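Report on the structure
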Amino acid sequence: MQKADIHRACLICGSTALAGMPRYSRHHLCRCKSCGFVFCRPVPREEELIAHYKSYGRNDYLSPVTVKRYHELLEIFESLSADKFVSNSSSAAAEEERGSAVPAPLRVLDWGAGIGYFLETARERGWEVYGTEYTEQAVAICREKGITMFQGPLSAVEMPENSFDLITSFEVIEHINNPLEEMARITRLLKPGGLFYCTTPNFNSLLRYYLKDDYNVITYPEHLSYYTPDTLHRLLRDAGLKRIFMKSTGLSITRFKKSRKTSEEELISPVSTDERIRVSAEKKWYMKWIKNGVNAVLSATGKGDTLKALYRNPGKP
Ligand SMILES: [Zn+2]
């Protein structure tokens, strides 16, 4: 049997001072002594990845709360691109009437677009939408929805430099073990002033401290990189991007129960504990108040489940 190859240097800072993490040895984790980044030491073989992703169940449940969150996010992106933003709204029509040239709509690339839910929401608001995905099935579904798709890693994106006003990646970077390469591509593809938004599990989350190696986010070969607010900032800063915000939010009761193997509920489902809390926080002011309070504390301490980072490409000086 071919022996798995291993990483000999930190994936984000290049240091070769790597320490094993005995408590997490069944997940093959190591920590960089120089920058603190945690990642899987073995490089998974192609066959391992194919076998794993073959059994990867796709969950197509789209929560109405998620759609609302997408709109809120897009509003933020649009306000930060305000000088350029033209939607299919009346302002574009007014411009046209005045006879001036109508600027092109904002262009977004969703790295790991899934089956296109985020991009569909963006398109409704007037964005021009592009995506990447690995599986043929997901690419086909997105294409059927009229989304321009590229199959594979970011190197498959056949677009010139400075093409995008926004690149998003929801829960993608934990799956890859070549973040420097992919970030260099992101910076190239972003226009000067363009935005990069990403989410990823937080290795510093309260749940991970409590559950240790039972925390079910830690899973080889699905997740290969484990970020904290500091290491994610380092990656994005070294790629030449400037921070707008870095938050860590959420405390998943469903994930806690699943990690402890006390529940069979699906993580993303209309009846999961998390979803019921999300829906109720939308409807009841006091639940929203509690949720916002919990998230404020989690973000201030850097202990929430999910990191959410928004950075800007300052462009060449
Ligand atoms: Zn390092």
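Here's a quick rundown of the structure.

Calculation notes
- Residues numbered from 1 in each chain as written.
- Predicted model: local features only at pLDDT ≥ 70, side-chain atom pairs only at ≥ 80, totals over all residues.
- Heavy atoms only, no water.
- Helix = DSSP H or I, 4+ residues; strand = E, 2+ residues; numbered from the N terminus.
- Buried < 20%, exposed > 50% of the residue type's maximum accessible area, 1.4 Å probe, protein only.
- Areas by Shrake-Rupley, 256 points an atom, 1.4 Å probe, with all protein chains shown as cover.
- Donors = N, O, S within 2.8 Å, 3.2 Å for Na, K, Ca; no water.
- Tetrahedral: all angles 85-135°; square planar, octahedral: opposite > 155°, others 65-115°.
- Contact = heavy atoms within 4.5 Å.
- Patch = residues over 30% accessible without salt bridge, like charges linked within 9 Å, V, L, I, M, F, W, Y side chains within 5 Å.
- Salt bridge = Lys/Arg side-chain N within 4 Å of Asp/Glu carboxyl O.
- Polar contact = N/O pair within 3.5 Å; in protein donor to acceptor, adjacent residues only side chain to side chain.
- Phe/Tyr/Trp six-rings, centres within 6.5 Å; stacked < 30°, edge-to-face > 60°.
- Lys NZ or Arg CZ within 6 Å of the ring centre and 35° of its normal.
- Pairing = 2+ DSSP bridges.
- Axes fitted to C-alpha atoms, helices over the stretch in contact; angles between N-to-C directions.

Description of the overall build of the chain
A count of helices and strands for the chain gives 11 helices and 13 strands. In the chain, buried positions account for 46% of the 317 residues. Here the chain has roughly 16,200 Å² of accessible surface; of this, 55% comes from carbon and sulfur atoms.

Side note on the coordination of the zinc ion
Ideal values for angles at a metal depend on the geometry: 109.5 degrees with four tetrahedral donors, 90 or 180 degrees with six octahedral donors. Protein ligation of the zinc ion involves Cys 10 (SG), Cys 13 (SG), Cys 32 (SG) and Cys 35 (SG), the donor distances falling in the range 2.3 Å. With 4 donor atoms in place around the zinc ion and angles of 103 to 114 degrees between them, the coordination shape is tetrahedral. Spacing between the donor residues of the zinc ion along the chain follows C-x2-C-x18-C-x2-C. Here the two residues Cys 32 and Cys 35 agree in accessibility, since each one is buried.

Some details on the side chain of His 7
The topology assignment puts His 7 in the loop between β1 (5-6) and β2 (18-20). In contact with His 7, not counting residues within four places along its chain, are Leu 18, Phe 39, Cys 40, Arg 41, Pro 42, Val 43 and Asn 177.

Brief notes about a nonpolar patch on the surface
Residues Leu 206, Leu 251, Trp 285, Tyr 286, Trp 289, Ile 290 and Val 294 make up a contiguous nonpolar surface patch of about 800 Å² in total accessible area. Topologically, Leu 206 is positioned in helix α7 (residues 206-211).

Concerning the side chain of Arg 185
Structurally, Arg 185 is set in helix α6 (residues 179-189). Residue class for Arg 185 comes out buried when judged on its relative accessible area of 18%. A distance of 2.5 Å separates polar atoms of two side chains, one belonging to Arg 185 and the other to Glu 182. Discounting chain neighbours no more than four positions away, the residues touching Arg 185 are Leu 154 and Ser 155.

Overview of the packing of aromatic side chains
The full count for this structure, using the stated rule, is 11 aromatic pairs. A centroid spacing of 5.2 Å and a plane angle of 75 degrees characterise the contact between Tyr 70 and Phe 118, whose relative ring orientation is edge-to-face. Within this pair, whereas Tyr 70 is found in helix α2 (residues 64-80), its partner Phe 118 is found in helix α4 (residues 117-124), the two being separated by 48 residues in sequence. Phe 118 carries the same exposure label as Tyr 70, and that label is buried. Three or more aromatic residues joined by ring pairs make a cluster, and in this case those are Tyr 70, Phe 77, Phe 118, Phe 170, Tyr 197 and Phe 245. A cation sits over an aromatic face here: Arg 208 above Phe 203, 3.9 Å from the ring centre.

Remarks on the pattern of salt bridges
Evaluated as defined, the whole model comprises 15 salt bridges. Among the salt bridges present, the one from Glu 128 reaches Arg 107, with a minimum N-O distance of 3.0 Å. In this pair, Glu 128 sits in strand β7 (residues 128-133) while Arg 107 sits in strand β6 (residues 107-111), placing the two residues 21 residues apart along the sequence. Each of Arg 23, Arg 26, Asp 213 and Asp 214 takes part in a single network of salt bridges with overlapping partners.

A short note on the sheet that holds strand β9 (residues 164-170)
If you trace the 7 strands from one edge of the open sheet to the other, you get β8-β7-β6-β9-β10-β13-β12, paired in mixed fashion. Only two strands of the sheet have a single neighbouring strand rather than two, namely β8 (148-151) and β12 (242-249). When the angles between neighbouring strand axes are averaged without regard to direction, this sheet yields 15 degrees. Note that β7 and β8 share 4 bridges and pair parallel. The partner of Thr 132 across the bridge, within β8, is Phe 150. Across the face of the sheet, α6 comes into contact with β6, β9 and β10 (190-201) while running at roughly 145 degrees to β10.

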